[in-house]
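Structure at a glance
The primary structure of each chain is shown beneath.
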Amino acid sequence: MTSLTFPPGFRWGASTSAYQIEGALDADGRGACVWDTYTAQGRIQDGSNAATACDHYHRFPEDIALMKAAGFDSYRFSIAWPRIVPAGTGAVEPRGLDFYDRLVDALLEAGITPMACLYHWDLPQPLEDAGGWQGRAVVGPFADYARIVAARLADRVKEWMMLNEPNVVAIHGYGTGEHAPGHKLGDTGILRALHHQNLAQGAALRAIAAEHSGLTLGTVLNLQPSVPDSDRPEDVAAAARWDAVWNRVSLDGVMRGQIPPLLAEAMADFVLPGDEEAIRYPIDLLGINYYSRMTMKHEEGHPFDVWWGEARCRRWTGMAWPVQPEGLYDLLTELRTDYANPAVFIAENGCAYDDVVADDGQIHDDERVLFFREHLEAVAQAAREGCNVKGYLCWSLLDNFEWAFGLSKRFGVVRVDYDTLARTPKDSYRFLSSVAKGGDK
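Residues numbered from 1 in each chain as written. Predicted model: local features only at pLDDT ≥ 70, side-chain atom pairs only at ≥ 80, totals over all residues. Heavy atoms only, no water.

Here we take up the sheet that holds strand 10 (residues 344–348). Strands belonging to one sheet form pairs held by backbone hydrogen bonds; the direction of such a pair is parallel or antiparallel. Read around the barrel, 8 strands follow the order 1-2-3-4-5-7-10-11 and close on themselves; strand pairing throughout is parallel. Between one strand and the next, the sheet's axes are offset by a mean angle of 25 degrees, whatever the strand orientation. Across the face of the sheet, helix 8 (residues 166–175) comes into contact with strand 3 (113–119), strand 4 (159–164) and strand 5 (216–222) while running at roughly 40 degrees to strand 5. (Pairing = 2+ DSSP bridges. Helix = DSSP H or I, 4+ residues; strand = E, 2+ residues; numbered from the N terminus. Axes fitted to C-alpha atoms, helices over the stretch in contact; angles between N-to-C directions. Contact = heavy atoms within 4.5 Å.)

For the structure shown, the criterion picks out 3 cavities of 30 Å³ or more. Taken as a whole, the largest cavity spans an internal volume of roughly 60 Å³. Lining the largest cavity, in full, are Val34, Trp35, Tyr119, Trp121, Leu123, Trp133, Val168, Val169, Tyr174, His179, Ala180 and Pro181. Sorting the residues of the lining of the largest cavity by element identifies helix 2 (34–40) and helix 8 as the ones contributing at least two each. Here the lining of the largest cavity gets 3 residues from one element, more than from any other, and that element is helix 8. Grouping the amino acids of the lining of the largest cavity by side-chain chemistry returns 11 nonpolar, 1 polar and no charged. In this model, the second largest cavity occupies a volume close to 40 Å³. Thr16, Ser17, Ala18, Ile21, Glu22, His56, Tyr75, Phe77, Ser78, Tyr100 and Leu103 are the residues that line the second largest cavity. When contributions to the lining of the second largest cavity are tallied by element, the ones reaching two or more residues are helix 1 (18–21), strand 2 (74–78) and helix 5 (94–109). Looking at the lining of the second largest cavity, its residues break down into 6 nonpolar, 4 polar and 1 charged. (1 Å grid on protein atoms, 1.4 Å probe; cavity = no way out; pocket = protein on both sides within 12 Å on 5 of 7 lines; lining within 4 Å. Points joined across faces, edges and corners; volume = space filled by probe spheres on them. Nonpolar A, V, L, I, M, F, W, Y, C, P; charged D, E, K, R; others polar.)

Taken in spatial order, the 3 strands make up an open sheet running 6-8-9, and their pairing is mixed. The open sheet has two edge strands, strand 6 (226–228) and strand 9 (306–308), and neither has a second partner. The mean inter-strand angle of the sheet, taken between neighbouring strand axes irrespective of direction, is 50 degrees. Taken together, the 3 bridges between strand 8 (residues 294–298) and strand 9 define a ladder with antiparallel strand orientation. Pairing of Lys297 across the sheet is with Trp307, part of strand 9. Strands in contact with helix 10 (residues 233–256) are strand 6, strand 8 and strand 9; relative to strand 8, the strand with the most contacts, it is inclined by about 125 degrees.

Extensive coverage of strand 10 is indicated by the burial of 5 of its 5 residues. Pairing geometry for strand 7 (residues 285–289) and strand 10, over 4 bridges, is parallel. Note that in strand 10 the partner of Leu286 across the bridge is Val344. Sheet topology note: the strand 10/strand 11 (residues 389–395) ladder contains 3 bridges and is parallel. By the bridge assignment for strand 11, Phe345 is matched with Gly391. Read as a crossover between parallel neighbours, the route from strand 10 over helix 14 (residues 366–384) to strand 11 is right-handed. (Buried < 20%, exposed > 50% of the residue type's maximum accessible area, 1.4 Å probe, protein only. Right-handed = clockwise from strand over helix to strand, strands pointing away.)

It is at 10 Å that the axes of helix 3 (residues 56–70) and helix 5 come closest, and there the two elements cross at 15 degrees. Between helix 3 and helix 5, the angle falls in the class roughly parallel. Handedness of the crossing formed by helix 3 with helix 5: right-handed. Between helix 3 and helix 5, the residues in contact are His56, Tyr57, Phe60, Ile64 and Met67 and Arg95, Phe99, Arg102, Leu103, Ala106 and Leu107, respectively. Its residues assigned to classes, the contact of helix 3 with helix 5 comprises 8 nonpolar, 1 polar and 2 charged. (Parallel < 35°, antiparallel > 145°, perpendicular 65-115°, else oblique. Left-handed = near helix turned anticlockwise from the far one by under 90°.)

The subject of this paragraph is the side chain of Asn289. With respect to the helices, strands and loops of the structure, Asn289 is situated in strand 7. On the basis of relative accessible area, Asn289 is assigned to the buried category, the value being 0%. Within the structure, Asn289 has its side chain in polar contact with the side chain of Asn164 (distance 3.1 Å). Setting aside chain neighbours within four positions, we find Asn289 in contact with Arg76, Asn164, Glu165, Val220, Leu221, Asn222, Leu223, Ala347 and Glu348. (Polar contact = N/O pair within 3.5 Å; in protein donor to acceptor, adjacent residues only side chain to side chain.)

This brings us to the nonpolar core. Within the largest apolar cluster, 137 residues are counted, with the highest numbers of intra-cluster contacts made by Trp35, Ile79, Trp81, Tyr100, Trp133, Trp160 and Tyr392. A per-element tally of this core places helix 9 (residues 186–211) first, with 9 residues. In this view, Trp133 contacts Trp81, Tyr119, Leu123, Glu128, Val138, Val169, Tyr174, Arg192, Ala193, His196, Gln197 and Ala200; residues no more than four positions away in its chain are not counted. Grouped together as the second largest cluster of nonpolar side chains are 9 residues, Met115, Val220, Ala347 and Leu393 included. (Core = buried A, V, L, I, M, F, W, Y, C linked by side-chain atoms within 4.5 Å.)

To continue, consider the environment of Arg312. Relative to the elements of secondary structure, Arg312 occurs in the loop between strand 9 and helix 13 (326–338). Classification of Arg312 as exposed rests on a relative accessible area of 51%. Remark: the alpha-carbon pair of Arg312 and Val323, spanning 11 residues in sequence, is separated by 9.8 Å. With near-sequence residues (within four places) excluded, Arg312 lies in contact with Asp229 and Thr295. Polar contacts involving the side chain of Arg312 include one to the main-chain carbonyl oxygen of Asp229, which spans 3.0 Å. Within polar-contact distance, the side chain of Arg312 engages the backbone oxygen of Glu310 at 2.9 Å.

On to helix 14. Between the first and last C-alpha of helix 14 there are 27 Å, a value that for 19 residues agrees with the 27 Å anticipated at 1.5 Å per step. With 14 of 19 residues buried, helix 14 lies mostly within the body of the structure. With its phi angle positive at about 95 degrees, Gly386 sits one or two positions after the end of helix 14. (Expected span 1.5 Å × (residues − 1).)

With 5 of its 5 residues buried, strand 7 lies for the most part within the structure. Burial along strand 7 is two-sided: Leu285, Gly287 and Asn289 facing one way and Leu286 and Ile288 facing the other are all buried. Where strand 5 and strand 7 come together, 5 bridges link them in parallel fashion. Residue pairing in the sheet places Val220 in a bridge with Gly287 of strand 7.

Set out below in C-alpha coordinates:
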(Lines give C-alpha, C1' and ligand atoms only; values in the text may rest on other atoms or scores of the structure.)
Protein backbone atom coordinates (compact mmCIF):
# COMPACT_ATOMS: atom_id res chain seq x y z
CA MET A 1 0.00 0.00 0.00
CA THR A 2 1.44 3.35 -1.06
CA SER A 3 2.33 5.82 1.66
CA LEU A 4 0.01 8.80 1.92
CA THR A 5 2.63 11.51 2.17
CA PHE A 6 2.17 14.88 0.55
CA PRO A 7 4.24 18.04 -0.02
CA PRO A 8 4.58 20.66 2.72
CA GLY A 9 1.61 23.01 2.73
CA PHE A 10 -0.67 20.53 0.95
CA ARG A 11 -4.28 21.53 1.60
CA TRP A 12 -7.32 19.45 2.51
CA GLY A 13 -11.00 20.10 2.35
CA ALA A 14 -14.34 19.51 0.69
CA SER A 15 -16.45 20.86 -2.14
CA THR A 16 -20.18 21.54 -2.43
CA SER A 17 -22.48 23.44 -4.75
CA ALA A 18 -25.17 25.94 -3.84
CA TYR A 19 -28.12 24.33 -5.60
CA GLN A 20 -27.37 20.91 -4.21
CA ILE A 21 -27.16 21.85 -0.53
CA GLU A 22 -28.59 25.29 0.26
CA GLY A 23 -32.33 24.79 -0.06
CA ALA A 24 -34.24 27.98 0.77
CA LEU A 25 -35.06 28.40 -2.90
CA ASP A 26 -37.75 30.99 -2.17
CA ALA A 27 -35.81 32.87 0.49
CA ASP A 28 -34.56 36.43 0.47
CA GLY A 29 -35.42 37.39 -3.09
CA ARG A 30 -33.69 34.53 -4.91
CA GLY A 31 -34.73 34.24 -8.54
CA ALA A 32 -35.53 31.10 -10.49
CA CYS A 33 -32.82 29.09 -12.23
CA VAL A 34 -32.85 26.42 -14.93
CA TRP A 35 -32.82 23.61 -12.35
CA ASP A 36 -35.97 24.96 -10.73
CA THR A 37 -37.69 24.80 -14.11
CA TYR A 38 -36.28 21.38 -14.96
CA THR A 39 -37.46 20.00 -11.61
CA ALA A 40 -40.92 21.51 -12.03
CA GLN A 41 -41.20 19.69 -15.35
CA GLY A 42 -41.11 16.38 -13.46
CA ARG A 43 -37.70 15.33 -14.76
CA ILE A 44 -36.05 14.31 -11.47
CA GLN A 45 -35.82 10.53 -11.28
CA ASP A 46 -36.98 10.05 -7.70
CA GLY A 47 -39.53 12.87 -7.80
CA SER A 48 -37.68 14.91 -5.19
CA ASN A 49 -36.57 18.53 -5.37
CA ALA A 50 -33.99 20.87 -3.88
CA ALA A 51 -36.43 23.11 -2.01
CA THR A 52 -34.88 22.03 1.29
CA ALA A 53 -31.94 19.84 0.21
CA CYS A 54 -29.53 20.01 3.21
CA ASP A 55 -30.86 23.39 4.37
CA HIS A 56 -27.27 24.65 4.36
CA TYR A 57 -28.65 28.15 3.92
CA HIS A 58 -29.74 28.06 7.55
CA ARG A 59 -27.41 25.36 8.92
CA PHE A 60 -24.06 26.42 7.52
CA PRO A 61 -22.51 27.00 10.98
CA GLU A 62 -23.03 23.30 11.75
CA ASP A 63 -21.45 22.30 8.44
CA ILE A 64 -18.46 24.56 8.98
CA ALA A 65 -18.00 23.03 12.42
CA LEU A 66 -17.85 19.59 10.79
CA MET A 67 -15.10 20.75 8.44
CA LYS A 68 -13.14 22.33 11.25
CA ALA A 69 -13.41 19.18 13.35
CA ALA A 70 -12.12 17.15 10.41
CA GLY A 71 -9.03 19.33 10.16
CA PHE A 72 -9.99 20.66 6.75
CA ASP A 73 -8.39 23.99 5.87
CA SER A 74 -10.12 24.70 2.53
CA TYR A 75 -13.72 24.77 1.30
CA ARG A 76 -14.87 25.20 -2.28
CA PHE A 77 -18.47 26.37 -2.40
CA SER A 78 -20.47 27.91 -5.20
CA ILE A 79 -22.31 31.20 -5.15
CA ALA A 80 -25.85 31.05 -6.47
CA TRP A 81 -26.13 33.49 -9.36
CA PRO A 82 -29.93 33.84 -8.91
CA ARG A 83 -29.45 34.82 -5.26
CA ILE A 84 -27.24 37.74 -6.31
CA VAL A 85 -28.83 38.91 -9.57
CA PRO A 86 -32.28 37.27 -9.57
CA ALA A 87 -33.05 38.05 -13.21
CA GLY A 88 -29.50 37.36 -14.36
CA THR A 89 -29.06 41.04 -15.20
CA GLY A 90 -30.20 44.24 -13.58
CA ALA A 91 -31.11 44.61 -9.94
CA VAL A 92 -28.82 43.14 -7.30
CA GLU A 93 -30.34 41.38 -4.29
CA PRO A 94 -28.44 42.54 -1.18
CA ARG A 95 -29.80 39.73 0.97
CA GLY A 96 -28.06 37.21 -1.26
CA LEU A 97 -24.76 38.98 -0.81
CA ASP A 98 -25.43 39.17 2.92
CA PHE A 99 -25.71 35.38 3.10
CA TYR A 100 -22.33 34.82 1.50
CA ASP A 101 -20.87 37.52 3.74
CA ARG A 102 -21.96 35.49 6.76
CA LEU A 103 -20.70 32.24 5.25
CA VAL A 104 -17.27 33.67 4.42
CA ASP A 105 -16.85 35.29 7.82
CA ALA A 106 -17.75 32.03 9.55
CA LEU A 107 -15.27 30.09 7.43
CA LEU A 108 -12.46 32.50 8.19
CA GLU A 109 -13.28 32.42 11.89
CA ALA A 110 -12.95 28.62 11.73
CA GLY A 111 -9.56 28.88 10.03
CA ILE A 112 -10.88 27.57 6.71
CA THR A 113 -9.86 29.20 3.41
CA PRO A 114 -12.91 30.01 1.26
CA MET A 115 -12.65 29.07 -2.43
CA ALA A 116 -15.59 30.62 -4.26
CA CYS A 117 -16.94 29.19 -7.51
CA LEU A 118 -19.11 31.60 -9.47
CA TYR A 119 -21.09 29.18 -11.61
CA HIS A 120 -22.13 25.67 -10.64
CA TRP A 121 -24.96 25.16 -13.14
CA ASP A 122 -27.67 27.46 -11.70
CA LEU A 123 -28.18 29.75 -14.70
CA PRO A 124 -30.92 32.32 -13.98
CA GLN A 125 -33.99 31.29 -15.94
CA PRO A 126 -34.46 34.68 -17.68
CA LEU A 127 -31.00 34.32 -19.23
CA GLU A 128 -31.87 30.83 -20.46
CA ASP A 129 -35.09 32.22 -21.91
CA ALA A 130 -32.93 34.68 -23.87
CA GLY A 131 -30.78 31.86 -25.31
CA GLY A 132 -28.61 30.80 -22.40
CA TRP A 133 -25.24 29.31 -23.27
CA GLN A 134 -26.21 29.04 -26.94
CA GLY A 135 -25.36 32.68 -27.63
CA ARG A 136 -23.14 35.59 -26.72
CA ALA A 137 -25.79 37.57 -24.86
CA VAL A 138 -24.90 35.69 -21.65
CA VAL A 139 -21.24 36.76 -21.67
CA GLY A 140 -21.71 40.32 -20.41
CA PRO A 141 -24.13 39.41 -17.63
CA PHE A 142 -21.75 36.76 -16.31
CA ALA A 143 -18.87 39.21 -16.21
CA ASP A 144 -21.10 41.76 -14.45
CA TYR A 145 -22.18 39.16 -11.89
CA ALA A 146 -18.54 38.20 -11.26
CA ARG A 147 -17.66 41.84 -10.68
CA ILE A 148 -20.58 42.34 -8.28
CA VAL A 149 -19.70 39.35 -6.13
CA ALA A 150 -15.99 40.09 -6.07
CA ALA A 151 -16.64 43.70 -5.11
CA ARG A 152 -18.42 42.44 -1.99
CA LEU A 153 -16.21 39.50 -1.02
CA ALA A 154 -12.74 39.87 -2.52
CA ASP A 155 -11.44 41.66 0.57
CA ARG A 156 -11.74 38.26 2.32
CA VAL A 157 -12.09 35.66 -0.45
CA LYS A 158 -8.78 35.43 -2.27
CA GLU A 159 -9.36 32.32 -4.39
CA TRP A 160 -11.93 32.46 -7.20
CA MET A 161 -13.03 29.77 -9.61
CA MET A 162 -15.13 30.87 -12.59
CA LEU A 163 -16.99 27.79 -13.81
CA ASN A 164 -17.62 24.23 -12.72
CA GLU A 165 -17.56 21.50 -15.37
CA PRO A 166 -18.61 23.44 -18.47
CA ASN A 167 -18.42 20.19 -20.45
CA VAL A 168 -21.20 18.61 -18.36
CA VAL A 169 -23.39 21.70 -18.76
CA ALA A 170 -22.87 21.65 -22.51
CA ILE A 171 -23.18 17.92 -23.19
CA HIS A 172 -25.96 16.97 -20.78
CA GLY A 173 -27.76 20.30 -20.58
CA TYR A 174 -27.78 21.23 -24.26
CA GLY A 175 -26.89 18.02 -26.07
CA THR A 176 -28.69 15.08 -24.50
CA GLY A 177 -31.25 16.80 -22.28
CA GLU A 178 -30.32 14.75 -19.21
CA HIS A 179 -29.59 17.92 -17.20
CA ALA A 180 -31.16 21.35 -17.06
CA PRO A 181 -32.12 23.17 -19.20
CA GLY A 182 -32.96 19.87 -20.87
CA HIS A 183 -32.32 20.65 -24.52
CA LYS A 184 -31.43 18.13 -27.20
CA LEU A 185 -29.54 20.33 -29.65
CA GLY A 186 -27.05 17.77 -30.90
CA ASP A 187 -23.36 18.24 -31.60
CA THR A 188 -23.64 21.89 -32.60
CA GLY A 189 -25.60 22.76 -29.48
CA ILE A 190 -22.93 21.15 -27.33
CA LEU A 191 -20.11 23.02 -29.03
CA ARG A 192 -21.93 26.34 -28.89
CA ALA A 193 -22.53 25.93 -25.15
CA LEU A 194 -18.87 25.06 -24.58
CA HIS A 195 -17.62 28.05 -26.55
CA HIS A 196 -19.91 30.60 -24.94
CA GLN A 197 -19.00 29.36 -21.48
CA ASN A 198 -15.35 29.82 -22.47
CA LEU A 199 -16.07 33.36 -23.62
CA ALA A 200 -17.96 34.19 -20.42
CA GLN A 201 -15.16 32.75 -18.34
CA GLY A 202 -12.56 34.86 -20.10
CA ALA A 203 -14.67 37.98 -19.66
CA ALA A 204 -15.21 37.28 -15.96
CA LEU A 205 -11.51 36.61 -15.32
CA ARG A 206 -10.61 39.93 -16.92
CA ALA A 207 -13.39 41.79 -15.10
CA ILE A 208 -12.25 40.60 -11.67
CA ALA A 209 -8.55 41.07 -12.40
CA ALA A 210 -9.15 44.64 -13.58
CA GLU A 211 -10.66 45.65 -10.27
CA HIS A 212 -8.96 43.48 -7.66
CA SER A 213 -5.29 42.69 -7.19
CA GLY A 214 -3.74 39.92 -5.15
CA LEU A 215 -6.35 37.29 -6.03
CA THR A 216 -5.86 33.70 -7.15
CA LEU A 217 -8.00 33.24 -10.24
CA GLY A 218 -8.90 29.95 -11.87
CA THR A 219 -11.60 27.60 -13.01
CA VAL A 220 -12.76 24.03 -12.42
CA LEU A 221 -12.79 21.45 -15.21
CA ASN A 222 -13.96 17.87 -15.24
CA LEU A 223 -11.04 16.12 -16.96
CA GLN A 224 -11.13 12.42 -17.70
CA PRO A 225 -8.68 10.59 -19.97
CA SER A 226 -10.49 9.30 -23.05
CA VAL A 227 -9.15 5.92 -24.16
CA PRO A 228 -10.33 3.73 -27.07
CA ASP A 229 -12.32 0.57 -26.44
CA SER A 230 -10.17 -1.29 -28.96
CA ASP A 231 -7.32 -0.69 -31.39
CA ARG A 232 -9.76 -0.53 -34.31
CA PRO A 233 -9.14 2.72 -36.20
CA GLU A 234 -12.75 3.82 -35.79
CA ASP A 235 -12.57 3.40 -31.99
CA VAL A 236 -9.23 5.20 -31.79
CA ALA A 237 -10.73 8.07 -33.78
CA ALA A 238 -13.87 8.07 -31.60
CA ALA A 239 -11.81 8.36 -28.41
CA ALA A 240 -9.85 11.24 -29.92
CA ARG A 241 -13.09 13.04 -30.89
CA TRP A 242 -14.47 12.58 -27.40
CA ASP A 243 -11.24 13.79 -25.85
CA ALA A 244 -11.51 16.93 -27.97
CA VAL A 245 -15.09 17.59 -26.85
CA TRP A 246 -14.93 16.48 -23.21
CA ASN A 247 -11.45 17.72 -22.32
CA ARG A 248 -9.77 19.97 -24.87
CA VAL A 249 -12.36 22.63 -25.73
CA SER A 250 -12.34 23.78 -22.11
CA LEU A 251 -8.73 22.99 -21.18
CA ASP A 252 -7.03 24.23 -24.35
CA GLY A 253 -9.37 27.21 -24.47
CA VAL A 254 -8.26 28.74 -21.18
CA MET A 255 -4.70 27.38 -21.15
CA ARG A 256 -3.73 27.89 -24.80
CA GLY A 257 -6.40 29.97 -26.47
CA GLN A 258 -6.98 27.19 -28.99
CA ILE A 259 -9.94 25.47 -30.56
CA PRO A 260 -9.12 21.74 -30.91
CA PRO A 261 -8.19 21.11 -34.57
CA LEU A 262 -10.57 18.15 -34.70
CA LEU A 263 -13.47 20.53 -33.98
CA ALA A 264 -12.36 23.66 -35.82
CA GLU A 265 -14.60 23.09 -38.83
CA ALA A 266 -17.63 22.21 -36.71
CA MET A 267 -17.18 25.39 -34.63
CA ALA A 268 -16.29 27.75 -37.48
CA ASP A 269 -19.75 29.32 -37.73
CA PHE A 270 -19.69 30.74 -34.18
CA VAL A 271 -16.00 31.18 -33.35
CA LEU A 272 -15.34 34.75 -34.43
CA PRO A 273 -12.03 36.55 -35.00
CA GLY A 274 -10.48 37.36 -31.63
CA ASP A 275 -12.37 34.66 -29.75
CA GLU A 276 -9.38 32.43 -29.21
CA GLU A 277 -7.47 35.21 -27.51
CA ALA A 278 -10.57 36.15 -25.50
CA ILE A 279 -10.92 32.65 -24.06
CA ARG A 280 -7.24 32.34 -23.07
CA TYR A 281 -6.21 33.59 -19.65
CA PRO A 282 -3.12 32.89 -17.53
CA ILE A 283 -4.98 31.38 -14.59
CA ASP A 284 -3.26 30.92 -11.25
CA LEU A 285 -4.96 27.67 -10.27
CA LEU A 286 -6.67 24.90 -12.22
CA GLY A 287 -9.30 22.90 -10.36
CA ILE A 288 -9.65 19.32 -11.55
CA ASN A 289 -12.72 17.18 -10.99
CA TYR A 290 -11.88 13.53 -11.56
CA TYR A 291 -14.13 10.49 -11.32
CA SER A 292 -12.86 7.89 -13.83
CA ARG A 293 -11.39 7.31 -17.22
CA MET A 294 -13.70 7.24 -20.22
CA THR A 295 -13.46 4.19 -22.50
CA MET A 296 -15.06 5.14 -25.81
CA LYS A 297 -15.98 3.48 -29.09
CA HIS A 298 -17.46 4.51 -32.42
CA GLU A 299 -21.22 4.13 -32.47
CA GLU A 300 -23.50 6.19 -34.64
CA GLY A 301 -26.60 7.81 -33.24
CA HIS A 302 -24.89 9.29 -30.18
CA PRO A 303 -23.19 12.67 -29.77
CA PHE A 304 -20.21 12.86 -32.13
CA ASP A 305 -20.86 9.18 -33.00
CA VAL A 306 -19.17 8.14 -29.77
CA TRP A 307 -20.47 5.79 -27.10
CA TRP A 308 -19.27 3.95 -24.03
CA GLY A 309 -17.02 0.95 -24.43
CA GLU A 310 -16.07 -1.62 -21.81
CA ALA A 311 -14.32 0.02 -18.85
CA ARG A 312 -12.41 -3.14 -17.81
CA CYS A 313 -12.17 -2.26 -14.15
CA ARG A 314 -12.40 -4.23 -10.92
CA ARG A 315 -15.07 -2.19 -9.14
CA TRP A 316 -17.94 0.19 -9.83
CA THR A 317 -19.54 2.91 -7.75
CA GLY A 318 -23.21 3.23 -6.93
CA MET A 319 -23.51 5.49 -9.98
CA ALA A 320 -22.23 2.57 -12.11
CA TRP A 321 -19.06 4.59 -12.72
CA PRO A 322 -15.79 2.64 -13.00
CA VAL A 323 -13.25 2.98 -10.19
CA GLN A 324 -9.98 3.85 -11.94
CA PRO A 325 -7.59 5.79 -9.70
CA GLU A 326 -4.75 5.26 -12.15
CA GLY A 327 -6.52 7.67 -14.50
CA LEU A 328 -6.02 10.49 -12.00
CA TYR A 329 -2.28 9.81 -11.92
CA ASP A 330 -2.22 9.79 -15.73
CA LEU A 331 -4.10 13.08 -15.85
CA LEU A 332 -1.78 14.84 -13.42
CA THR A 333 1.34 13.64 -15.21
CA GLU A 334 -0.08 14.78 -18.57
CA LEU A 335 -0.66 18.26 -17.19
CA ARG A 336 2.92 18.29 -15.93
CA THR A 337 4.36 17.14 -19.24
CA ASP A 338 2.11 18.81 -21.82
CA TYR A 339 0.76 21.91 -20.08
CA ALA A 340 3.87 23.29 -18.32
CA ASN A 341 2.94 21.82 -14.93
CA PRO A 342 0.29 24.34 -13.82
CA ALA A 343 -0.72 24.66 -10.18
CA VAL A 344 -3.67 22.30 -9.79
CA PHE A 345 -6.15 21.42 -7.10
CA ILE A 346 -8.20 18.25 -6.98
CA ALA A 347 -11.47 20.15 -6.70
CA GLU A 348 -13.77 17.11 -6.75
CA ASN A 349 -13.11 13.43 -6.24
CA GLY A 350 -15.58 11.08 -4.67
CA CYS A 351 -18.20 8.39 -5.14
CA ALA A 352 -21.80 7.51 -4.45
CA TYR A 353 -22.72 4.28 -2.73
CA ASP A 354 -25.89 2.95 -1.13
CA ASP A 355 -24.86 3.68 2.43
CA VAL A 356 -26.36 1.60 5.23
CA VAL A 357 -26.95 2.99 8.70
CA ALA A 358 -25.71 0.40 11.18
CA ASP A 359 -27.42 -0.54 14.42
CA ASP A 360 -25.11 1.85 16.25
CA GLY A 361 -26.26 4.72 14.03
CA GLN A 362 -22.96 4.90 12.19
CA ILE A 363 -22.23 4.58 8.47
CA HIS A 364 -19.39 2.17 7.81
CA ASP A 365 -18.77 3.06 4.16
CA ASP A 366 -15.77 0.85 3.49
CA GLU A 367 -16.11 1.11 -0.29
CA ARG A 368 -15.88 4.90 -0.15
CA VAL A 369 -12.88 4.74 2.20
CA LEU A 370 -11.11 2.45 -0.26
CA PHE A 371 -12.01 4.77 -3.14
CA PHE A 372 -10.48 7.75 -1.36
CA ARG A 373 -7.37 5.82 -0.28
CA GLU A 374 -6.62 4.62 -3.81
CA HIS A 375 -7.14 8.04 -5.36
CA LEU A 376 -5.03 9.73 -2.69
CA GLU A 377 -2.27 7.21 -3.39
CA ALA A 378 -2.42 8.28 -7.05
CA VAL A 379 -2.19 11.96 -6.06
CA ALA A 380 0.68 11.27 -3.67
CA GLN A 381 2.62 9.40 -6.35
CA ALA A 382 2.09 12.20 -8.87
CA ALA A 383 3.20 14.80 -6.33
CA ARG A 384 6.37 12.84 -5.56
CA GLU A 385 7.12 12.82 -9.27
CA GLY A 386 6.94 16.58 -9.53
CA CYS A 387 3.32 17.26 -10.42
CA ASN A 388 2.34 20.69 -9.11
CA VAL A 389 -0.70 19.58 -7.12
CA LYS A 390 -1.57 21.87 -4.23
CA GLY A 391 -4.45 20.20 -2.46
CA TYR A 392 -7.33 17.75 -2.41
CA LEU A 393 -11.05 18.45 -1.90
CA CYS A 394 -13.43 15.55 -1.57
CA TRP A 395 -16.81 15.47 -3.24
CA SER A 396 -18.76 16.01 -1.25
CA LEU A 397 -18.99 17.25 2.29
CA LEU A 398 -22.68 16.34 2.51
CA ASP A 399 -25.11 13.96 0.90
CA ASN A 400 -27.14 16.25 -1.33
CA PHE A 401 -29.51 16.80 -4.24
CA GLU A 402 -27.73 14.88 -6.98
CA TRP A 403 -29.20 16.73 -9.95
CA ALA A 404 -31.44 14.54 -12.12
CA PHE A 405 -31.05 11.65 -9.64
CA GLY A 406 -32.62 13.76 -6.89
CA LEU A 407 -31.93 12.63 -3.34
CA SER A 408 -31.35 8.99 -4.28
CA LYS A 409 -27.54 9.09 -4.66
CA ARG A 410 -25.29 9.83 -1.71
CA PHE A 411 -21.81 11.27 -2.31
CA GLY A 412 -21.24 12.82 1.11
CA VAL A 413 -18.68 11.98 3.75
CA VAL A 414 -21.38 13.24 6.10
CA ARG A 415 -24.78 11.60 5.91
CA VAL A 416 -27.84 13.83 5.81
CA ASP A 417 -31.15 12.43 7.04
CA TYR A 418 -33.53 14.21 4.70
CA ASP A 419 -36.41 13.87 7.18
CA THR A 420 -34.67 15.41 10.19
CA LEU A 421 -31.67 17.04 8.42
CA ALA A 422 -29.43 15.50 11.08
CA ARG A 423 -25.78 15.21 10.02
CA THR A 424 -23.83 12.02 10.78
CA PRO A 425 -20.14 11.76 9.85
CA LYS A 426 -19.33 8.51 8.04
CA ASP A 427 -16.21 6.38 8.33
CA SER A 428 -14.96 8.12 5.16
CA TYR A 429 -15.12 11.45 7.01
CA ARG A 430 -12.98 10.01 9.77
CA PHE A 431 -10.53 8.56 7.25
CA LEU A 432 -10.06 11.88 5.45
CA SER A 433 -9.80 13.66 8.78
CA SER A 434 -7.00 11.30 9.80
CA VAL A 435 -5.14 11.95 6.55
CA ALA A 436 -5.64 15.71 6.79
CA LYS A 437 -4.30 15.68 10.33
CA GLY A 438 -1.32 13.55 9.30
CA GLY A 439 -2.39 10.49 11.20
CA ASP A 440 -2.96 8.02 8.35
CA LYS A 441 0.14 7.09 6.39
